[in-house]
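Each chain, written out:
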Amino acid sequence: MSAAQRNAVAELLRVSPVADELGRRFARAGHELHLVGGSVRDALLGRLGEDLDFATDAHPDQTLRLLKGWAEATWETGREFGTIGAQRGGLRLEITTFRAESYDHVSRNPVVEYGTSLVDDLRRRDFTVNAMAVSLPGHEFTDPYGGLDDLAERVIRTPGTPAESFGDDPLRMLRAARFAAQLGFTVHPAVKDAMREMAADLDRITAERIRDEFTKLLCGADPVTGLRLLVETGLADRFLPELSGLRLEIDEHAQHKDVYEHTLTVVNNAIRLEGDSGCDFVLRMAALMHDVGKPATKAVGPDGRVSFHHHEVVGARLTKQRMKALRYPKDVISQVTTLVGLHLRFYGYGRGEWTDSAVRRYVTDAGDLLPRLHKLTRSDCTTRNRRKAAQLAADYDALEARIARLQAEEDLARVRPDLDGNAIMELLGIPPGPIVGRAWRHLKELRLERGPLSREEAEAELLRWAREQGVIDG
């Protein structure tokens, strides 16, 4: 296998003129250049993309000189870490000077020191499967830490001791869980033990770096595997304690659904409903967080039954706080929290209690998130009772059909009052101000409640409201 895979890498590079061209430029200048890390791993897995990582003994200034006149573009955003970026032939290249990088175990940023040895550079990398290199243009394969064997066995192991690796950069613990989610690899027991023992070291890492790594994990092919690792090792407690908190204690007098396992099932269900468009982070995050309000709202009634009243409201608030702490963009936070807050709204529809007004509000409150809300609500049905599951699915089918009918009749996506602000001011004879806004909101509520009104009906309702509010004389 290893010989065949080495040949595959060599063949890949042979038909990739950009990499060999760059290697020859460095060699003529007396420098080494190697394809390294994830690029070698992905090439061996047959999934190499358009981003290539290289390592060299040349320093950034020397790398820039060698790229001049050859690269279509260069950038220096990673220069403080010894990295120069370039673009050539549709490929994005990152060329990094050999490093002897370590953390000072106090600050949140690495201390970068340039190294002189490829083997030493590979040793400081996170995992053995990322500690392989192929020289350019010679195509010599370097694997001092058994990365090829670990790749074949699909295991995540560190080049040195796990404690040494995680001590240098605690984010690597989270990255181990991310690779398990993305690649379907198993974390070596010694690595898992170190993750558990050193979980508190993750507190040294900035929220932004944790956010980016967690986002990649959740968008992996099998995020549930990664999420389980976070909980089992205690890493989740450091930045997402709400996830661990879902493991509610079940006693013999208050049996209820295992919320933690239910949540992981909902995440998997949501992924199946994504379609072919790739990861929908907003949907996956909403699925993960939809029940985080349950621990705080758990109550046991006189009959021994467990309830979680208004857990969707509490959950939306907790979700907003957590995502804000992780520095997610405001629009992403808003979308996820809206879905968490709405995920229970559907229940009760099957009892025939919903009027057309309730359907309009459901659609209006969801807005552009309605397709995701459909998927989240369907994903939330995890009952093993086939009859109940079939009834819930049929009820939601009926709701979607009803929404489609009302949308066709009323264009629910753009529900607006039947009179705009100008018409309100003209009819009431008032200038712009707060009263116009109050009148507009009243007419919108009326529109949601009764559906479209004629112009005459809308004007009559506005005048009636204005008299009741003392805006105009009776």
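Whatever comes next refers back to the structure up there.
Residues numbered from 1 in each chain as written. Predicted model: local features only at pLDDT ≥ 70, side-chain atom pairs only at ≥ 80, totals over all residues. Heavy atoms only, no water.

1. Let's talk about the sheet that holds strand β1 (residues 33–36)
Turning to step 1, where the next piece is worked out: With mixed pairing, the 7 strands of this open sheet are ordered in space as β3-β4-β5-β2-β1-β8-β9. The open sheet has two edge strands, β3 (73–75) and β9 (141–142), and neither has a second partner.
Turning to step 2, where the next piece is worked out: With 6 bridges connecting them, strand β2 (residues 51–56) and strand β5 (residues 91–97) associate as parallel partners. Note on β5: the bridge partner recorded for A55 is T96.
Turning to step 3, where the next piece is worked out: Most of the contacts of helix α2 (residues 17–28) go to β5, to which it runs at about 30°, and overall it touches β1, β2, β4 (83–88) and β5.
Turning to step 4, where the next piece is worked out: Across the face of the sheet, helix α4 (residues 60–67) comes into contact with β2, β3, β4 and β5 while running at roughly 10° to β4. (Pairing = 2+ DSSP bridges. Helix = DSSP H or I, 4+ residues; strand = E, 2+ residues; numbered from the N terminus. Contact = heavy atoms within 4.5 Å. Axes fitted to C-alpha atoms, helices over the stretch in contact; angles between N-to-C directions.)

2. Here we look at α2
Turning to step 1, where the next piece is worked out: End to end, α2 covers 16 Å across 12 residues, agreeing with the expected 16 Å (1.5 Å per residue, within 8%).
Turning to step 2, where the next piece is worked out: Of all the positions in α2, only V18, A19, D20, L22, G23 and F26 are classed as buried.
Turning to step 3, where the next piece is worked out: In the stretch just after α2, G30 is the one whose phi turns positive, near 85°. (Expected span 1.5 Å × (residues − 1). Buried < 20%, exposed > 50% of the residue type's maximum accessible area, 1.4 Å probe, protein only.)

3. As for the packing of helix α22 (residues 421–428) against helix α24 (residues 455–468)
Turning to step 1, where the next piece is worked out: Here α22 crosses α24 at 60°, and the two axes come no closer than 11 Å. With respect to α24, the axis of α22 lies oblique. The chirality of how α22 crosses α24 is right-handed. On α24, the residues touching A423, I424, L427 and L428 of α22 are R455, E459, L462, L463 and A466.
Turning to step 2, where the next piece is worked out: Taken together, the residues of the contact of α22 with α24 sort by class into 7 nonpolar, no polar and 2 charged. (Parallel < 35°, antiparallel > 145°, perpendicular 65-115°, else oblique. Left-handed = near helix turned anticlockwise from the far one by under 90°. Nonpolar A, V, L, I, M, F, W, Y, C, P; charged D, E, K, R; others polar.)

4. Some thoughts on the packing of aromatic side chains
Turning to step 1, where the next piece is worked out: Under the criterion given, the structure shown has 4 aromatic pairs.
Turning to step 2, where the next piece is worked out: Look at F346 and Y396: their rings are 4.6 Å apart centre to centre, the planes differ by 65°, and that puts the pair in the edge-to-face class. In this pair, F346 is assigned in the loop between α18 (330–342) and α19 (356–366) and Y396 in helix α21 (residues 386–410), connecting sequence segments 50 residues apart.
Turning to step 3, where the next piece is worked out: On the accessibility criterion, F346 (4% relative accessible area) is buried.
Turning to step 4, where the next piece is worked out: If you follow R178 out to its NZ or CZ, it ends over the ring of F179, 4.6 Å from the centre. (Phe/Tyr/Trp six-rings, centres within 6.5 Å; stacked < 30°, edge-to-face > 60°. Lys NZ or Arg CZ within 6 Å of the ring centre and 35° of its normal.)

5. Some remarks on the pairing of β1
Turning to step 1, where the next piece is worked out: Along β1, one buried face is formed by L33 and L35 and the opposite face, lined by H34 and V36, is buried too.
Turning to step 2, where the next piece is worked out: Looking at chain direction, β1 and β2 are connected through 3 bridges and run antiparallel. From the neighbouring strand, L35 faces β2, where its bridge partner is F54.
Turning to step 3, where the next piece is worked out: Bridge count for β1 against strand β8 (residues 133–135) is 3 bridges, and the pairing is antiparallel. Across the sheet, L35 pairs through a bridge with V134, a residue of β8.

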